[in-house]
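Chain by chain, the residues:
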Amino acid sequence: MNSPRTTRIIVIGAGVSGIATAITLQRAGFHKVTVLEKGSDVGGVWHWNHYPGLTCDVPSTLYQFGFAPKPDWSRIFAPGPEIQRYLADVVDEYGLRPWIRLNSEVVSAEFDGRTWQVRTGDGAEFEAEFVIAATGVLHHPFTPPIEGLDTFAGDVVHTARWDDDLVTDGRRIAVIGTGSTGVQVVSALQPKAARLAHFVRTPQWVIWAPMWLPQPKLLGAVLQRLPRANRALYQAGLQASRLFTDVVTRPSWRRKAVQAYARLSLRTQILDPALRTELTPDYQPLCKRQVLSGTYYRAVKARNAELVTAPIERVTANAVVTADGREHEVDVIVLATGFRPHDYMRPINLRGRDGLSIDDAWAKGPHAYRMTAIPGFPNLFTVLGPNSPTGSIPLHDAAEVTARYIVGWLERYRAGEFDIVEVTEAATARFNAEVASALGPTVWNTGCNSWYFTEEGFIDLLPFDRATMLTMLSGQEDGDFVLTGA
Ligand code: NAP
């Protein structure tokens with residue numbers, strides 16, 4: 001019997017999906033793995049984001065790896081720094097550090113017909129049989145092209161690149177944007193601001209949730225001593241999360257119940273009719289990525305706060321000017337304006353078979369086979385790539401399931417079954433047609449604008465439940481791929 005082939009693998013990114021991938025590879029006995037990470041530490045979004053109020057609005061029990069459930073989260077909804085620490089701890093616990101090269105931004109990855117040639121910004125070069133892109137979704141901050149923003153004499157900061165030295169207490173603050181981030185940062189900054197103006201272009205439904213609830217210490221201590229119970233709790237959470245998928249993927253009484261709760265959250269907390277009108281969206285709850293907060297409505301009602309719904313016209317040296325002619329004088333502008341989520345892997349100069357660039361391959365928008373394989377890009381996979389279930393299924397779980405699927409291919413390569421694997425256009429088109437059809441009855445398709453939409457107008461999410469995802473990624477269907485060599 002032949003000895004297993006050496007398999008060199010480059011993983012791009014050491015965030016949630018990169019860590020899940022590296023550990024899945026490690027557990028399958030792959031040891032020639034290099035993880036190239038652009039940031040100065042692991043953690044992905046949890047490394048880059050450290051704005052005031054950063055909390056995860058997904059319960060911690062579900063926002064963790066199935067292979068490393070943490071028994072003792074401080075809160076039911078963990079704060080950002082604790083999640084970042086958890087990710088770093090997992091990396092240490094699994095001894096991954098020697099694989100990870102920090103401050104290493106991949107600038108090009110080119111397939112030469114046999115192997116991938118990968119280059120980082122500092123000029124280092126790597127060769128590998130496989131590349132796995134775990135480059136994240138909410139990675140590139142979006143700065144809106146507001147006239148005069150660059151002439152503002154005070155401080156301008158994007159939430160995803162927060163300056164920890166920035167003083168906000170006692171100052172006049174403008175927060176632009178009302179997604180999950182804007183709502184969290186407004187709640188955190190309002191109490192100590194001199195004044196806070198929240199610029200809301202499109203109001204969001206904000207579901208009331210007690211984000212501050214501690215996880216009982218006793219529970220943490222018990223789960224620490226009983227690892228099996230800890231894993232069982234995680235599994236129970238995964239099973240329970242199926243109910244949430246149904247809420248978003250098709251009309252159901254559960255969707256109606258959650259939507260009614262969203263409306264109730266607004267009605268019971270905002271009693272002033274004029275303010276309530278301003279805060280009432282003209283689309284269904286859950287259509288955009290649902291915002292959860294137990295403090296936002298209180299913050300915007302405070303005496304030092306103002307909701308500004310008139311469109312922003314321009315920024316001057318000391319003010320944000322709105323279309324109604326008002327000049328809102330401020331000292332600090334906080335851009336909670338989100339990301340360019342569909343720029344997967346870009347601006348890497350990614351070139352597949354015969355020099356095909358990812359920009360050309362995706363001229364009509366990002367698309368992949370089952371979220372992970374791209375025609376024209378042999379021996380390359382993505383984790384949390386196009387259509388990843390960022391809106392319905394726990395993220396870590398989706399990353400782990402995808403990583404296991406990829407490892408299935410790599411094991412076959414290692415066993416010498418093929419040299420090159422590439423998904424076909426036909427299989428990818430078929431998968432995308434299935435996705436397009438299933439997106440019809442989703443709540444994301446009920447008439448709102450959101451970051452889920454690509455520029456081409458497609459909803460970049462997975463409209464299936466977890467069971468379907470598991471089936472979809474349970475084994476390789478050779479008929480959907482071209483296998484060459486060996
Ligand atoms: P986002 O949801 O994309 O929101 C961006 C906001 O900026 C929107 O309110 C948008 O208004 C506004 N905006 C953009 N350009 C503008 C302009 N020129 N003038 C005025 N307003 C403008 O971004 P995000 O809040 O950073 O959240 C992104 C995602 O990150 C979330 O949906 C969630 O998935 C994730 N996240 C998660 C957590 C968590 O707790 N788990 C926390 C934060 C973020 P329009 O709606 O009108 O476009």
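Conventions we followed
- Residues numbered from 1 in each chain as written.
- Predicted model: local features only at pLDDT ≥ 70, side-chain atom pairs only at ≥ 80, totals over all residues.
- Heavy atoms only, no water.
- Pairing = 2+ DSSP bridges.
- Helix = DSSP H or I, 4+ residues; strand = E, 2+ residues; numbered from the N terminus.
- Axes fitted to C-alpha atoms, helices over the stretch in contact; angles between N-to-C directions.
- Domains from an automatic or database assignment.
- Contact = heavy atoms within 4.5 Å.
- Buried area = accessible area lost by both parts, 1.4 Å probe.
- Salt bridge = Lys/Arg side-chain N within 4 Å of Asp/Glu carboxyl O.
- Polar contact = N/O pair within 3.5 Å; in protein donor to acceptor, adjacent residues only side chain to side chain.
- Parallel < 35°, antiparallel > 145°, perpendicular 65-115°, else oblique.
- Left-handed = near helix turned anticlockwise from the far one by under 90°.
- Nonpolar A, V, L, I, M, F, W, Y, C, P; charged D, E, K, R; others polar.
- Disulfide = S-S within 2.5 Å.
- Buried < 20%, exposed > 50% of the residue type's maximum accessible area, 1.4 Å probe, protein only.
- Patch = residues over 30% accessible without salt bridge, like charges linked within 9 Å, V, L, I, M, F, W, Y side chains within 5 Å.
- Areas by Shrake-Rupley, 256 points an atom, 1.4 Å probe, with all protein chains shown as cover.
- Near = heavy atom within 4 Å.
- Phe/Tyr/Trp six-rings, centres within 6.5 Å; stacked < 30°, edge-to-face > 60°.
- Lys NZ or Arg CZ within 6 Å of the ring centre and 35° of its normal.

**Examining the sheet that holds strand β4 (residues 106–111)**
Part 1: Pairing within the open sheet is mixed, and its four strands lie in the order β6-β5-β4-β18. With partners counted over all chains shown, the strands left at the sheet margins are β6 (125–128) and β18 (349–351), one partner each. Adjacent strand axes in the sheet meet at a mean angle of 15°, parallel and antiparallel pairs treated alike.
Part 2: Pairing analysis gives three bridges linking β4 to β18, with the strands arranged parallel.

**Description of the sheet that holds strand β15 (residues 319–322)**
By definition, the strands of a sheet pair up through backbone hydrogen bonds, in either a parallel or an antiparallel sense.
Part 1: A sheet is described by the order of its strands in space; here three strands give the open sequence β14-β15-β16, paired in antiparallel fashion. Looking along the sheet, the strands with just one partner apiece sit at the ends: β14 (312–315) and β16 (327–329). Recorded for the sheet is a direction-independent mean angle of 25° between the axes of neighbouring strands.
Part 2: The pairing of β15 with β16 spans three bridges and is antiparallel. Considered in β16, the bridge of A319 is made with E329.

**Observations regarding the domain arrangement of the protein chain**
Part 1: Entries for the protein chain in the domain assignment read domain 1 (9–140 + 341–484) and domain 2 (149–212 + 252–335).
Part 2: When each unit is reduced to the centre of its C-alpha atoms, the spacing between domain 1 and domain 2 is 31 Å.
Part 3: With 25 residues of domain 1 at the contact, the number on the domain 2 side is 26 residues.
Part 4: At the boundary of domain 1 with domain 2, total buried surface from both sides reaches about 2100 Å², with 53% on carbon and sulfur atoms.
Part 5: Here D57 makes a salt bridge to R289, at a shortest N to O gap of 2.9 Å.
Part 6: In this structure, the connection of domain 1 to domain 2 is made through six residue pairs in polar contact (both at pLDDT 80 or more).

**Observations concerning the packing of helix α1 (residues 16–27) against helix α11 (residues 395–414)**
Part 1: The interhelical angle for the contact between α1 and α11, taken along N-to-C directions, is 40°, at an axis separation of 9 Å. Between α1 and α11, the angle falls in the class oblique. As α1 packs across α11, the resulting crossing turns out to be right-handed. Taken together, the residues of α11 that come into contact with α1 (itself represented by V16, S17, A20, T21, T24 and L25) are H396, A399, E400, A403, R404, V407 and L410.
Part 2: By residue class, the composition of the contact of α1 with α11 is seven nonpolar, four polar and two charged.

**Some thoughts on the state of the cysteines**
Chemically, a disulfide is nothing more than a covalent bond linking the sulfur atoms of two cysteines.
Part 1: Scanning all chains against the criterion turns up one disulfide.
Part 2: In this model, C287 is linked to C448 through a disulfide, with the two sulfur atoms separated by 2.1 Å. Its S-S torsion of about -90° marks the bond between C287 and C448 as left-handed, since a negative value means left-handed. Residue C287 is located in the loop between α8 (273–279) and β12 (291–292), and its partner C448 is located in the loop between α12 (425–439) and α13 (466–472); the two are separated by 161 residues in the primary sequence.
Part 3: Take C287: its relative accessible area is 0%, and that puts it in the buried class.
Part 4: A residue is classified by how much of its surface remains accessible, and C448, at 12% relative accessible area, is buried.

**What about a nonpolar patch on the surface?**
Part 1: On the surface, I76, W208, W212, L213, Y261 and L264 cluster together into a nonpolar patch covering about 520 Å² of accessible area.
Part 2: Considering the arrangement of structural elements, one finds W208 in the loop between β11 (206–207) and α5 (217–225).
Part 3: Owing to a relative accessible area of 33%, W208 belongs among the partly exposed residues under this scheme.

**Considering the site of the ligand**
Part 1: Surveying the vicinity of the ligand reveals 24 residues, the closest of which are T55, T181, T202, K288 and W451.
Part 2: R201 has a polar side-chain atom sitting 2.9 Å from an oxygen atom of the ligand.
Part 3: One of the side-chain nitrogen or oxygen atoms of T202 is found 2.4 Å away from an oxygen atom of the ligand.
Part 4: In isolation the ligand has 900 Å² of accessible area, and contact with the protein removes 87% of it.
Part 5: It is helix α4 (residues 180–189) that provides the largest number of residues to the shell around the ligand, a total of three residues.
Part 6: Taken together, the residues that form the shell around the ligand break down as nine nonpolar, 11 polar and four charged.
Part 7: Of the domains in this structure, domain 1 (9–140 + 341–484) and domain 2 (149–212 + 252–335) are the two that each give at least three residues to the shell around the ligand.

**Some remarks on the packing of aromatic side chains**
By convention here, two paired aromatic rings are described through the distance between centres and the angle between planes.
Part 1: Tallying each qualifying case throughout the model produces 17 aromatic pairs.
Part 2: For the pair F111 and W116, a centre-to-centre distance of 5.3 Å together with 50° between the ring planes defines the contact as tilted.
Part 3: Judged by its relative accessible area of 0%, W116 is buried.
Part 4: Ring plane angle 50° and centroid distance 5.7 Å describe the contact between Y296 and Y297, whose orientation is recorded as tilted.
Part 5: Judged by relative accessible area, which is 2%, Y297 ranks as buried.
Part 6: An aromatic cluster is defined as three or more aromatic residues linked by ring pairs; in this entry it consists of F130, Y369, W409, Y413, F418, F431 and F481.
Part 7: Over the ring of Y413 we find R5; its NZ or CZ atom is 3.9 Å from the centre of that ring.
Part 8: Directly above the aromatic system of W73 lies the positively charged group of K70, at a separation of 5.4 Å from the ring centroid.

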